[in-house]
Amino acid sequence: MNATAPGPRPAPAPPVRRLTVLYDAECSLCAFLRDWLLRQPQLVPLEPVPAGSEEARRRFPGLDHGASLDEITAVGDAGQVYRGAAAWVVTLWALREHRPLAHRLSTPSGSLLAKGAVLAAAKGRGAQWHRGARPGGGRWGGGVHRRADGWSYDPAHGWSSTAPGCADGTCAPR
């Protein structure tokens, strides 16, 4: 019998010991979920950081920060990047009371449910924005109205824009 020694095994993936959750600070649903996450008992510490912020850009210079505004992004302490449904699953996995659910959602059939939940959240997120023209054109179907870009919301009249430097209304439309 001629047995050969097995080749070297690939190095195991580093464990996740801390997660940074990038969220849209201008989105009320995202802020609600951030607050909910922080109230949950955590097995792995979660740190929310506004997506696209100076802090996020400083910590993760190689990350696509525009994409992190389009969908939830979680970054592990060893550089692991999770987006969309995978980010939700790993974030639930970090929570003591929701780790069993995360394991169920990480199966092939569970991942379909996780993707559906992410799409439902994106639809709900999009519903909070004005139904008219949406700037930005993010992948979830609309852009994000940012206060820093001159957008403001009046419940009686909806969204309106006064771009920085255009307070007198003489700037050309974008």
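Values in this document were obtained by computation on a predicted structure and should not be read as measured data.

Novice: Explanation requested: the nonpolar core in the structure shown.
Specialist: Soluble globular proteins: nonpolar side chains tend toward being buried together. Within the largest apolar cluster, 16 residues are counted, with the highest numbers of intra-cluster contacts made by Leu19 and Leu46. At the level of secondary structure, the elements contributing two or more residues to this core comprise strand 1 (19-23), helix 4 (84-93) and helix 5 (99-105). For this core, the element with the most residues is helix 4, which contributes 4 residues. Among all residues touching leucine 19, those that are not within four sequence positions of it are Val44, Pro45, Leu46, Glu47, Ala74, Val75, Gly76, Tyr82, Val90, Thr91 and Ala94.

Novice: Quick question: what am I supposed to make of the pattern of salt bridges here?
Specialist: Should their charged atoms come close, side chains of opposite charge can pair. What the rule picks out here adds up to 5 salt bridges. Of the charged contacts in the structure, one is a salt bridge between glutamate 55 and arginine 58, with a shortest N-O distance of 2.8 Å. In this pair, glutamate 55 and arginine 58 both sit in helix 2 (residues 54-59), 3 residues apart, roughly one turn of the helix. Exposure remark for arginine 58: the relative accessible area of 58% places this residue in the exposed category.

Novice: I'm lost on the packing of aromatic side chains in this one. Help?
Specialist: For any two aromatic rings, the description comes down to two numbers: the centre-to-centre distance and the angle of the planes. Applying the stated criterion to the full structure yields 0 aromatic pairs. Just above the ring of tryptophan 93 sits the side chain of arginine 99; from NZ or CZ to the centre is 4.0 Å.

Novice: Sorry if this is basic, but what is going on with the environment of glutamine 80 here?
Specialist: Tracing the chain through its elements places glutamine 80 in the loop between strand 3 (73-76) and strand 4 (81-83). Expressed as a C-alpha distance, the spacing of glutamine 80 and leucine 19, which sit 61 residues apart in the sequence, is 9.1 Å. At 3.0 Å, the side chain of glutamine 80 forms a polar contact with the backbone nitrogen of alanine 78.

Conventions adopted
Residues numbered from 1 in each chain as written. Predicted model: local features only at pLDDT ≥ 70, side-chain atom pairs only at ≥ 80, totals over all residues. Heavy atoms only, no water. Core = buried A, V, L, I, M, F, W, Y, C linked by side-chain atoms within 4.5 Å. Buried < 20%, exposed > 50% of the residue type's maximum accessible area, 1.4 Å probe, protein only. Helix = DSSP H or I, 4+ residues; strand = E, 2+ residues; numbered from the N terminus. Contact = heavy atoms within 4.5 Å. Salt bridge = Lys/Arg side-chain N within 4 Å of Asp/Glu carboxyl O. Phe/Tyr/Trp six-rings, centres within 6.5 Å; stacked < 30°, edge-to-face > 60°. Lys NZ or Arg CZ within 6 Å of the ring centre and 35° of its normal. Polar contact = N/O pair within 3.5 Å; in protein donor to acceptor, adjacent residues only side chain to side chain.

These figures capture arrangement, not role.
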